[in-house]
Each structure stands twice: as C-alpha cells, then as structure tokens.
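# Survey of secondary and tertiary structure
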Amino acid sequence: MQETFIAVPNPDYVEDKSEFKFTPGNPEAFTSFMFLAFKDWLTCEGFDPKIVIAQSALETGWGQHTPGHNLFGIKSYHEDHMGTRKLVTTEVVNDKEVHALAAFSSPNSFNASVRAYIHLIKHTRRYRHIMELFKGLPATAENAEKYITAVHDAGYSTDPKYVIKAMGCYNRVSSIINSMVN
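Report on the accompanying structure.

Reading the values: the criteria
- Residues numbered from 1 in each chain as written.
- Predicted model: local features only at pLDDT ≥ 70, side-chain atom pairs only at ≥ 80, totals over all residues.
- Heavy atoms only, no water.
- Pairing = 2+ DSSP bridges.
- Helix = DSSP H or I, 4+ residues; strand = E, 2+ residues; numbered from the N terminus.
- Patch = residues over 30% accessible without salt bridge, like charges linked within 9 Å, V, L, I, M, F, W, Y side chains within 5 Å.
- Areas by Shrake-Rupley, 256 points an atom, 1.4 Å probe, with all protein chains shown as cover.
- Salt bridge = Lys/Arg side-chain N within 4 Å of Asp/Glu carboxyl O.
- Axes fitted to C-alpha atoms, helices over the stretch in contact; angles between N-to-C directions.
- Parallel < 35°, antiparallel > 145°, perpendicular 65-115°, else oblique.
- Left-handed = near helix turned anticlockwise from the far one by under 90°.
- Contact = heavy atoms within 4.5 Å.
- Nonpolar A, V, L, I, M, F, W, Y, C, P; charged D, E, K, R; others polar.

## Some remarks on the pairing of strand S4 (residues 96–105)
- In this structure, strand S3 (residues 84–93) lies alongside S4, joined through 10 bridges in antiparallel fashion. Counterpart to Lys86 in the pairing with S4 is Ala103.
- Where S3 hands over to S4, the hairpin turn is made up of 2 residues, of which Asn94 adopts a positive phi near 50 degrees.

## With respect to a nonpolar patch on the surface
- Taken together, Leu36, Met180 and Val181 make up a surface patch of nonpolar side chains, about 250 Å² in accessible area.
- Mapping Val181 onto the fold places it in helix H6 (residues 162–181).

## Comments concerning the packing of helix H1 (residues 27–44) against helix H2 (residues 49–60)
- At a minimum axis distance of 9 Å, the contact between H1 and H2 shows a crossing angle of 135 degrees. The pairing of H1 with H2 is recorded here as oblique in orientation. For H1 against H2, the interelement crossing comes out right-handed. Residues Phe30, Thr31, Met34, Phe35, Lys39, Leu42 and Thr43 of H1 touch H2, and the partners they reach there are Pro49, Val52, Ile53, Ser56, Ala57 and Thr60.
- Per-class residue counts for the contact of H1 with H2 are 8 nonpolar, 4 polar and 1 charged.

Given below as structure tokens:
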C-alpha cells in the first residue's frame with residue numbers, strides 16, 4: 001500500500017484551507033501538491049516556486065525520502081529548534097563520494113520545512129546575497145539555472161552534478177505546472 005502525505009497550506013497565504021495530499025515518487029502528484037500548497041507563500045516571499053519545488057524534488061526523490069518532514073535536505077549544524085535526525089548521507093569530497101553520518105533538521109510539518117528553507121536562503125550569511133541577485137527578475141529557465149548555480153556555489157550541495165540534476169527536475173516541474181495552469 002502506498003503511503004500518502006498530507007499538509008495543510010500556510011493559512012496566511014492560501015485561502016482554501018483544505019488539506020493537500022500526494023503519493024511519494026510520483027512527479028505529477030508531488031509537483032501538484034507542492035505547487036497548490038506553497039505557490040502563493042513562496043511567491044510572496046520572493047521565490048520562484050518552480051525552483052523551490054525542483055530542489056525539493058531532487059532532495060527527496062519526488063517526495064519518497066522526507067525524513068522528519070525535511071523537504072530540502074537541510075542539515076543542522078547546532079542544536080536545532082526543530083529537532084535533529086542523524087542520517088547517513090552521501091557527500092562528494094575530493095571528487096569521491098563519501099558516506100557520512102550527519103545531523104539533519106527535523107521539522108514537525110512540511111509547512112515548517114518550507115519555512116526553514118525560506119529562512120535558510122533569506123537570512124543566513126551563506127545564502128542571503130542570492131535573493132538580492134534575483135530580486136525582480138522574471139521566472140525563466142535561464143534565471144532558474146543561475147539561481148541554482150548560485151545556491152550550489154554557496155555550498156548547498158557537494159554534488160558537482162547538482163545544477164544539472166536540479167535543472168532536470170526544474171524542467172519536469174515546469175512542464176507539469178504549465179499543464180496544470182493551461
């Protein structure tokens with residue numbers, strides 16, 4: 001039996017307070033869930049929802065791996081108010097994949113996970129300059145690639161193929177969303 005996940009949209013940004021559901025591993029269901037639940041919130045915060053959904057799709061395998069509701073693979077480097085979970089992860093060090101135990105944030109909901117991503121990018125020294133670079137730019141594939149590259153270069157992922165993988169997810173997410181809204 002397939003597991004189904006549920007999230008309630010952030011009430012400050014979504015008029016429809018109904019629950020959203022998705023089946024993990026299904027790109028259409030995952031994208032639809034994320035887009036309907038978080039599009040308005042992400043847009044109000046200055047993010048291109050397609051980019052954020054693509055990053056989450058890559059980090060979770062289209063929702064298959066969401067330990068502790070962590071939609072973005074956000075690590076915890078200190079005592080985290082959301083709690084932490086120790087998990088084995090793959091990092092690339094000196095061009096070699098290395099498996100290591102790392103502490104990851106463990107938000108209590110998908111809403112908290114999205115909130116953590118927004119905070120990470122907008123308010124941490126490592127990433128906050130990126131939002132200024134892309135403020136007011138149109139949501140295009142070219143700008144998405146520049147954003148993902150900037151986030152990668154700032155240390156979001158150690159995978160040297162991260163941008164290529166994330167752009168593959170972005171293209172799929174874009175196609176799914178375009179079919180939803182047209």
